[in-house]
Amino acid sequence: ISVLNHIDSLKDPHGYCSAIVSFSNIMNDDYIRQLSVKIKSTFAMKRARGEFLGNYAPYGYLKSPSNRHKLVIDPAAAEVVRMIFQWYAGGTPASRIVKQLNALEIPPPSVYKTRQGCRGFDRHSSGVKHNAWALTSVNSILKDEVYIGNLVQGKRRSASYRTKNMVPAEESAWTVVEGTHEAIISDEMFSAVHQRLARHPRARKDLQTSY
């Protein structure tokens, strides 16, 4: 039934009514497709300019109050990030770093974001196991270029303009822009950490699949 077009397929299942509905569906689908292309093009231009497009700033950063597409350092969380990198560069295994963070009762990223008033993290920070650091969280931080001032975006793309489902994008399609915001970790520290990660068989596999 299409009220605006005065159409009811029950009364006219095979005639003029059916043809109009089919044609309208084609036009509407094409409109949605063109709109999707325009939106993707806009996002691509913003990523190329080094604008942050995520819903939430990465752990260690906040969105600038004057520009939501710009990242600024969150002093409290940034200190934890530095500690993680220094421990790992100094030879502490990631699993032990997890235990040390939990022993110090430092809230994990999801809990910290929730306490800072970020909506959407409540479901991730509920339950006992989500109130503690996990190995995946530490490894994710150690591998993220955002901490040396670079933005790597476009790691996921929509499967189709007809659905909101997201799928991993080819690495060649990622958008990498250097020096978009203030770094928390030096390039030398980041390089030393990644050299150590590359020597660890499991970590090397995670480096290839984490994005």
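The text that follows walks through the structure, step by step, so that each part is easy to find. None of these values were measured; they are calculated from a predicted model.

On to the overall build of the protein chain. Helices and strands together make up the secondary structure of the protein chain, namely eight helices and six strands. Helices and strands appear in the protein chain in the N-to-C order α-β-β-α-α-α-α-α-β-β-β-β-α-α. Residue burial in the protein chain is summarised as follows: out of 211 residues, 32% are buried. In the protein chain, the proportion of contacts linking residues at least 24 apart, taken out of those at least 6 apart, comes to 57%. Roughly 13700 Å² of accessible area belongs to the protein chain as shown, and the carbon and sulfur atoms make up 54% of that amount.

On to the pairing of strand β1 (residues 61–64), then. Regular strands place their side chains on alternate faces of the sheet. In this sheet, strand β2 (residues 67–73) lies alongside β1 in antiparallel orientation, the contact comprising four bridges. Paired with Leu 62 across the strands is Val 72, a residue of β2. The turn joining β1 and β2, which pair antiparallel and follow one another in sequence, is formed by two residues.

Turning to the pattern of salt bridges, a few remarks are in order. In the structure shown here, the tally under the stated rule is three salt bridges. Close ionic contact of Arg 49 with Glu 51 constitutes a salt bridge, the shortest N to O distance being 2.9 Å. Take Arg 49: its relative accessible area is 55%, and that puts it in the exposed class. Among the residues examined, Glu 51 registers a relative accessible area of 17% and is labelled buried. Between Arg 82 and Glu 79 there is a salt bridge, with its nearest N and O atoms 3.4 Å apart.

So, on to the nonpolar core. Tyr 59, Ile 84, Phe 85, Trp 133, Val 138 and Tyr 147 are the most contacted members of the largest nonpolar core, which has 32 residues in total. Among the elements of the structure, β2, α2 (75–89), α3 (94–103), α6 (135–143) and α7 (187–199) are those that each provide at least two residues to this core. Considering every element that reaches this core, the biggest residue donor is α2, with seven residues. Excluding residues within four positions of it along the chain, Phe 85 makes contact with Ile 141, Leu 142, Tyr 147, Ile 185, Met 189, Phe 190 and Val 193.

With respect to the helices and strands, Glu 79 occurs in helix α2. For Glu 79, a relative accessible area of 46% puts it in the partly exposed group.

Before going further, it helps to spend a moment on the environment of Ala 78. Within the fold, Ala 78 resides in helix α2. Linking Ala 78 and Tyr 59, residues 19 residues apart in sequence, is a C-alpha distance of 7.7 Å. Excluding its chain neighbours within four sequence positions, the residues that come into contact with Ala 78 are Gly 60, Ile 73 and Ile 184.

So, about the packing of α3 against α6. Orientation of α3 relative to α6, taken along the N-to-C sense of each, is 110 degrees, at an axis distance of 9 Å. Taken together, α3 and α6 sit at an angle that is classed as roughly perpendicular. Crossing of α3 over α6 shows right-handed handedness. From α3, Ala 94, Ser 95, Ile 97, Val 98 and Leu 101 reach across to α6, where they touch Leu 135, Val 138 and Asn 139. For the contact of α3 with α6, the per-class residue count stands at six nonpolar, two polar and no charged.

Definitions and cut-offs
- Residues numbered from 1 in each chain as written.
- Predicted model: local features only at pLDDT ≥ 70, side-chain atom pairs only at ≥ 80, totals over all residues.
- Heavy atoms only, no water.
- Helix = DSSP H or I, 4+ residues; strand = E, 2+ residues; numbered from the N terminus.
- Buried < 20%, exposed > 50% of the residue type's maximum accessible area, 1.4 Å probe, protein only.
- Contact = heavy atoms within 4.5 Å.
- Areas by Shrake-Rupley, 256 points an atom, 1.4 Å probe, with all protein chains shown as cover.
- Pairing = 2+ DSSP bridges.
- Salt bridge = Lys/Arg side-chain N within 4 Å of Asp/Glu carboxyl O.
- Core = buried A, V, L, I, M, F, W, Y, C linked by side-chain atoms within 4.5 Å.
- Axes fitted to C-alpha atoms, helices over the stretch in contact; angles between N-to-C directions.
- Parallel < 35°, antiparallel > 145°, perpendicular 65-115°, else oblique.
- Left-handed = near helix turned anticlockwise from the far one by under 90°.
- Nonpolar A, V, L, I, M, F, W, Y, C, P; charged D, E, K, R; others polar.

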